[in-house]
Amino acid sequence: MSEEKFFLGRQPILDRTQKIVGFELSFRSAESLQSANFLDVQVASASVIVGALTEFGIQDVLGRHRGFFNVTREMLMSDAVELLPKDRVVIELLETIVADREVVERCRTLKSLGFTLALDDHVYSADCHEIYEAIDIVKVDVLETPAAALPEMLERLNPWPFTLLAEKVETAEQYRFCSQLGFHLFQGYYFARPVVLRQNRIDIAKIAMLRLMQQVMADTELEEIEETFKQNPGLTYNLLRLVNSVAIGLRVRIKTLRHALMVLGMEQLKRWITLALYASNDSNGVHSPLLEMAATRGKLMEQLVLALKGRAGRELADQAFMVGILSLIDVLFDDSMNELVGKLNLVENVKSALLSREGELGGLLLLAQRLEEADFEGVNEQLEESGLDLDQLLSCQLETIAWSDSLSASL
């Protein structure tokens, strides 16, 4: 790591099928946390590009996805932006950039070089017609833009073949509304927000999955667990895909359910069954963004415990992994966390982490959540509380990204 310390945030960008296609990257200098100076925006933009290319490496930060980078006018006009791999990035022009003649010409040049360009937090303007010719993606803040004004604005943008991206989409209702309007990409955590419960619905598949989760948490005999799997072929299929992924690191290929149950052992079985629950409960299967988010939380928390305690923390690290994965089961099952935790045989520190974010594991879960939100002030507070430093966090993040990417790519 270099002497300058950075926080790294990644916010997912999804397509119409709700598959993650990219991440908007945000870096923040640790020293700048104490300052609200507007000039920090320029420094932050430069730090993203320099950091991604040198400190971390594009592959380490993005994996198989594309990266969206915010740039100021100064960064846009500099040669540094041309160092970015054009097939892996989207250059986002901040809304503070004025589309004057110089900026338009620069965008045309970058476009001719093969770069993908986006306008961030954009509102239609007749003054932007020239720059529109060089733009590929238009991002619209759907929280700041009144819903009633969106149809007219999109109609004005219609003459250009833009890919429209709705950002700050925080609910399933917002997603459906934006999708119907014609947006192609979506940014925000709507897929991880609980929806209104449908009390009278009985979902047989969910009942079977919850029974299976109860069994593994209670260390039930393998024969009984296997029988539950046999009653749910879709879950069996997804478990076998997961355990055969490169991320698990087994030396043998798992060919049957019984083989998987015998080879994995109970702790690993708990992990991979829980991941398989997410994979089998979504129309996108193993490509569910909820699966990727839960797996990333779990792996990051595991790595953070090991960074703190080393081998002596192995049991706590296993618990941390489970806390991260289970932290989204309320969304998975459309039920309250209290109800679900009450049905599972969880140890007390795992329960308190999930229900009230208390204890060491609760603090690490808060850290993971703050990082997802790019709330770097909150991240810094949780780092201090947990006894971790920024170098440890960055190292654990990169290892987690590599693990998550290998898991998803192998499926």
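Reading guide: rules and limits
- Residues numbered from 1 in each chain as written.
- Predicted model: local features only at pLDDT ≥ 70, side-chain atom pairs only at ≥ 80, totals over all residues.
- Heavy atoms only, no water.
- Helix = DSSP H or I, 4+ residues; strand = E, 2+ residues; numbered from the N terminus.
- Buried < 20%, exposed > 50% of the residue type's maximum accessible area, 1.4 Å probe, protein only.
- Contact = heavy atoms within 4.5 Å.
- Areas by Shrake-Rupley, 256 points an atom, 1.4 Å probe, with all protein chains shown as cover.
- Salt bridge = Lys/Arg side-chain N within 4 Å of Asp/Glu carboxyl O.
- Pairing = 2+ DSSP bridges.
- Axes fitted to C-alpha atoms, helices over the stretch in contact; angles between N-to-C directions.
- Patch = residues over 30% accessible without salt bridge, like charges linked within 9 Å, V, L, I, M, F, W, Y side chains within 5 Å.
- Expected span 1.5 Å × (residues − 1).
- Parallel < 35°, antiparallel > 145°, perpendicular 65-115°, else oblique.
- Left-handed = near helix turned anticlockwise from the far one by under 90°.
- Nonpolar A, V, L, I, M, F, W, Y, C, P; charged D, E, K, R; others polar.
- pLDDT = per-residue confidence, 0-100.
- Polar contact = N/O pair within 3.5 Å; in protein donor to acceptor, adjacent residues only side chain to side chain.

A. Focus on the overall build of the protein. Helix and strand counts for the protein come out as 20 helices and eight strands. A buried classification covers 54% of the 411 residues belonging to the protein. For the protein, the share of sequence-separated contacts (at least 6 apart) that also reach a separation of at least 24 residues comes to 63%. For the protein, the accessible surface area stands at approximately 18300 Å², while carbon and sulfur atoms represent 50% of it.

B. Just the pattern of salt bridges, in detail. Inspection of the entire model under this criterion finds 30 salt bridges. Note that R108 and E105 form a salt bridge whose closest N and O atoms lie 2.8 Å from each other. In this pair, R108 and E105 are both assigned in helix 4 (residues 101–112), three residues apart and thus about one turn of the helix distant. Note on R108: relative accessible area 34%, which makes it partly exposed.

C. Quick peek at the environment of M262. Residue position: M262 is located in helix 11 (residues 257–264). When the C-alpha atoms of M262 and L222 are compared, they prove to be 8.2 Å apart, with 40 residues separating the residues in sequence.

D. Structural context of the environment of H129. With respect to the helices and strands, H129 occurs in helix 5 (residues 129–132). Setting aside residues up to four positions removed in sequence, H129 forms contacts with Y124 and W160.

E. Spotlight on the sheet that holds strand 4 (residues 89–93). One closed barrel holds the eight strands; their spatial order is 1-2-3-4-5-6-7-8, and the pairing between them is mixed. Across the sheet, the mean angle from the axis of one strand to that of its neighbour is 30°, orientation sign disregarded. Sheet topology places strand 7 (residues 163–167) next to strand 8 (residues 185–187); three bridges connect them, and they run parallel. The partner of L165 across the bridge, within strand 8, is L185. Strands in contact with helix 19 (residues 376–386) are strand 1 (6–14) and strand 2 (20–29); relative to strand 1, the strand with the most contacts, it is inclined by about 125°.

F. Representation of a nonpolar patch on the surface in the model. Taken together, L250, V252, M262 and V263 make up a surface patch of nonpolar side chains, about 330 Å² in accessible area. Mapped onto the elements, V252 comes out in the loop between helix 10 (233–243) and helix 11. Taking the relative accessible area as the measure of exposure, V252 reaches 44% and is therefore partly exposed.

G. Structural context of helix 13 (residues 289–309). Taking 1.5 Å per residue, 21 residues should reach 30 Å; helix 13 reaches 30 Å between its end C-alpha atoms and fits that length. Extensive coverage of helix 13 is indicated by the burial of 16 of its 21 residues. G310 occupies a position one or two residues after helix 13 and carries a positive phi of about 65°.

H. Highlighting the packing of helix 10 against helix 11. Two numbers describe how helix 10 lies on helix 11: the axes approach to 10 Å, and their chain directions differ by 50°. Considering the angle they form, helix 10 stands oblique to helix 11. Every pair of crossing elements has a handedness; the one defined by helix 10 and helix 11 is left-handed. Contacts between helix 10 and helix 11 involve T236, L239, L240 and V243 on the former and, on the latter, L257, A260 and L264. Residue composition of the contact of helix 10 with helix 11, by class: six nonpolar, one polar and no charged.

I. The confidence of the model for the protein, seen in detail. Put simply, the protein has an average pLDDT of 86, and 87% of its residues get 70 or more. No element of the protein has a lower mean pLDDT than helix 1 (residues 40–56), which averages 62, and none a higher one than strand 5 (residues 116–119), which averages 98. pLDDT under 50 marks residues 196–202. Its contacts with residues more than four places away, or in other chains, come to six contacts.

J. Inspection of the side chain of R10 at higher detail. Mapping R10 onto the fold places it in strand 1. Within the structure, the side chain of R10 is placed 2.8 Å from the backbone oxygen of V61, a separation counted as a polar contact. Ignoring any residue separated from it by four or fewer positions in sequence, one finds R10 in contact with F23, E24, L25, V61, L62, Y189, E372 and I401.

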